[in-house]
Amino acid sequence: MSTASAVLTEQLIAAHALPEEGYAQLIREHTEEDALRLRDEAVRLRRAIYGNAVYTRGLLEISNICKNDCLYCGIRRSNKKLERYRLRPDEILASAEKGHALGFRTFVLQGGEDGYYTDELLIPLIREMKARWPDSAVTLSLGERTDESYKALYEAGADRYLLRHETADAAHYARLHPADMSFENRMRCLQTLRETGYQVGCGMMVGSPFQTAEHLAKDLHFIKTFQPDMCGIGPFIPHKDTPFRDKSAGTLALTCFLLSVIRLIHPPVLLPATTALGTIHPRGRELGIASGANVVMPNLTPVRFREQYALYDNKICTGEEAAECRGCLEARMTSIGYEIVTDRGDVKGGHARREPT
Ligand code: SAH
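Residues numbered from 1 in each chain as written. Predicted model: local features only at pLDDT ≥ 70, side-chain atom pairs only at ≥ 80, totals over all residues. Heavy atoms only, no water.

K.L.:
When you look at the overall build of the protein in this model, what are you seeing that I'm missing?
P.N.:
A tally of regular secondary structure across the protein gives 14 helices and nine strands. What you see for the protein is a C-alpha radius of gyration of 19 Å, in line with the 21 Å of a compact globule of 357 residues. The burial tally for the protein puts 60% of its 357 residues in the buried class. Once local pairs closer than 6 in sequence are excluded, the contacts in the protein between residues at least 24 apart make up 76%. Surface summary for the protein: the accessible area is close to 14,300 Å², and the carbon and sulfur share equals 54%. With 45 positive and 47 negative side-chain charges, the protein shows a spacing of 2 Å between the two charge centroids. (Helix = DSSP H or I, 4+ residues; strand = E, 2+ residues; numbered from the N terminus. Rg over C-alpha atoms; globule rule 2.2 N^0.38 Å. Buried < 20%, exposed > 50% of the residue type's maximum accessible area, 1.4 Å probe, protein only. Contact = heavy atoms within 4.5 Å. Areas by Shrake-Rupley, 256 points an atom, 1.4 Å probe, with all protein chains shown as cover. Lys, Arg positive; Asp, Glu negative; His and termini not counted. Charge placed at Lys NZ, Arg CZ, Asp CG, Glu CD.)

And the structure:
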């Protein structure tokens, strides 16, 4: 007699979906054996679509100045202990130049919601990047902006936008964010980004405070229906100067399990093995790839700023010895039989760029 979780596992493999309650039950009850079965199927699917290629994105942490006060995040505005920085356009271009020479063909500009980065500043910067490196994609991860801004930045040439939904449950969202931030607006931004033409990434933290299996089930159901081009998930890790300093971190096992499940429910998704996963376990990113992920995001930020972009404690790759993250990750991926490729790494079967009208 199969257990309920084994039945759900087979159902998920066969149908690439479960009813929402099915996800919650599987999250609660899965055995080691179920996790291995899902992992093997996730890897098989990923291999059928992407071979043994791992895509890479050069991450530029452009600013740790933020007007928001997310309770989990180390760069929240109430953290007075943090020394703040921002990169000017010429510094961003210089880092991207180095990255391009190293083989990066996607640049991710990520930062806090820093009013310095107006459309007037970003439009010429994006245009310049696309003119200098026409073979490369520009991804933005700059939080919530107006519809007009998203449209203007897309028309300037930005290809992709990462905006994690953080949690698909409105009440849970309200426990992770201050009252002036809204779940509805986050979701509206994701819809706008999709309609504007971007390849869009959503995602959530695993093990964030107050998170239940039901919340994660809602996240999975949202991912199944939204069909994002990218999906960023990583463990929550507490930061010492936030209200969640005493909360426990998300686990490696649950994160890897969810990576496999996400690959199964949406096979072509671009799924990173995140820096947070590499932070909670020395081989976290390798284990993430071996669970179904297919993207890594080496840090291209000038080393002197990396420690200051402290979303959580003990972030890896902040020292001089980590200056060249690409080589390190290349060796890590080769060690498990994968290959980092010099490629934009677009989603397979996704839409082509819609030219601005
Ligand atoms: N301001 C941008 C970028 C946020 S940083 C935005 O709003 O999209 C990127 C992601 O880091 C966040 O979306 C969040 O999911 C994650 N993050 C923040 N604090 C974290 C923590 N303490 N542990 C793990 N991940 C965290």
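Moving on from the model shown.
K.L.:
Sorry if this is basic, but what is going on with the site of the ligand here?
P.N.:
Taken together, 17 residues surround the ligand, and among them Tyr72, Gly111, Arg164, Glu166 and Ile237 come closest. Note that an oxygen atom of the ligand is positioned 2.5 Å from one of the side-chain N or O atoms of Glu166. Residue Ile237 places a main-chain N or O atom 2.7 Å away from a nitrogen atom belonging to the ligand. Its residues placed into classes, the shell around the ligand shows 10 nonpolar, four polar and three charged. (Near = heavy atom within 4 Å. Polar contact = N/O pair within 3.5 Å; in protein donor to acceptor, adjacent residues only side chain to side chain. Nonpolar A, V, L, I, M, F, W, Y, C, P; charged D, E, K, R; others polar.)

K.L.:
Looking at this structure, how should I read the packing of aromatic side chains?
P.N.:
Both the distance between ring centres and the angle between the ring planes are used here to describe each pair of aromatic rings. On inspection of all chains with the given rule, the structure shows 11 aromatic pairs. Here the aromatic rings of Tyr85 and Phe305 are separated by 4.6 Å at their centres, their planes lie at 10°, and the arrangement is stacked. Of this pair, Tyr85 sits in the loop between strand E2 (58-63) and helix H4 (89-102) while Phe305 is found in helix H13 (residues 303-306), placing the two residues 220 residues apart along the sequence. Ring geometry for Phe107 versus Trp133: centroids 5.7 Å apart, planes at 50°, classification tilted. Of this pair, Phe107 sits in strand E3 (residues 106-111) while Trp133 sits in the loop between helix H5 (119-132) and strand E4 (137-141); the two residues are 26 residues apart in sequence, bridging distant segments of the chain. Residue Phe107 is classed as buried on the basis of its relative accessible area, which comes to 0%. Members of the aromatic cluster, each reached through a chain of ring pairs, are Tyr150, Tyr154, Tyr161 and Tyr198. Of note, Arg175 hangs over the ring of Phe210, and the distance from its end group to the ring centre comes to 3.7 Å. (Phe/Tyr/Trp six-rings, centres within 6.5 Å; stacked < 30°, edge-to-face > 60°. Lys NZ or Arg CZ within 6 Å of the ring centre and 35° of its normal.)

K.L.:
Mind showing me how you'd approach the nonpolar core here?
P.N.:
Side chains of a nonpolar character, in soluble globular proteins, are inclined to be buried together. With 93 residues, the main nonpolar core has Leu12, Met129, Leu140, Tyr198 and Ile262 as its most contacted residues. The contacts of Leu140, once residues within four sequence positions are left out, are Leu109, Ile126, Leu153, Ala158, Arg160, Tyr161, Leu162 and Tyr198. With 11 residues, the next largest nonpolar core counts Tyr50, Leu59, Val108 and Leu270 among its residues. (Core = buried A, V, L, I, M, F, W, Y, C linked by side-chain atoms within 4.5 Å.)

K.L.:
Help me understand the sheet that holds strand E7 (residues 230-235), please; the structure alone is not making it clear to me.
P.N.:
Pairing between sheet strands relies on hydrogen bonds along the backbone, with the strands arranged either parallel or antiparallel. Ordered by their spatial adjacency, six strands build an open sheet running E2-E3-E4-E5-E6-E7, and the pairing between neighbours is parallel. What marks the edges here is a single partner per strand, and that holds for E2 and E7. Within this sheet the neighbouring strands show an average axis-to-axis angle of 20°, counted without direction. Where strand E5 (residues 160-162) meets strand E6 (residues 199-206), three bridges bridge the pair, whose relative direction is parallel. (Pairing = 2+ DSSP bridges. Axes fitted to C-alpha atoms, helices over the stretch in contact; angles between N-to-C directions.)

K.L.:
Is there a simple way to explain unusual backbone geometry in this structure?
P.N.:
Excluding glycine, most residues fall at negative phi; most peptide bonds, likewise, are trans. Even without being glycine, His16 reaches a positive phi, approximately 55°. Relative to the assigned elements, His16 resides in the loop between helix H1 (4-15) and helix H2 (20-29).

K.L.:
Would you mind going over the side chain of Asn294 with me for this structure?
P.N.:
Within the element layout of this structure, Asn294 appears in the loop between helix H12 (284-289) and strand E8 (295-296). At a separation of 3.1 Å, a polar atom in the side chain of Asn294 contacts the side chain of Arg263. Discounting chain neighbours no more than four positions away, the residues touching Asn294 are Arg46, Tyr50, Ala53, Val54, Tyr55, Arg263, Val269, Leu270, Leu271 and Ile289.

K.L.:
Just checking my understanding: could you explain the sheet that holds E8 for this structure?
P.N.:
Sheet architecture is open: three strands sit in the order E8-E1-E9, paired in parallel fashion. The sheet is open, and its two edges are formed by E8 and strand E9 (339-340), each paired on a single side.

K.L.:
Would you take a moment to explain the pattern of salt bridges for this structure?
P.N.:
Two side chains carrying opposite charge are able to pair once their charged atoms lie near each other. Under the defined criterion, the tally for this structure stands at 29 salt bridges. For Asp69, the salt bridge goes to Arg76, with nearest N and O atoms at 3.6 Å. Considered together, Asp69 and Arg76 belong to a single accessibility category, that of buried residues. Among the ionic pairs, Arg344 bridges to Asp159, the shortest N-O distance being 3.8 Å. Taken together, the residues Arg344 in the segment after E9 and Asp159 in the loop between helix H6 (147-155) and E5 connect sequence positions 185 residues apart. Note on Arg344: relative accessible area 22%, which makes it partly exposed. A relative accessible area of 6% means that Asp159 is categorised as buried. Counted as one network, the salt bridges with shared partners bring together Lys130, Asp159, Arg160, Arg344 and Asp346. (Salt bridge = Lys/Arg side-chain N within 4 Å of Asp/Glu carboxyl O.)

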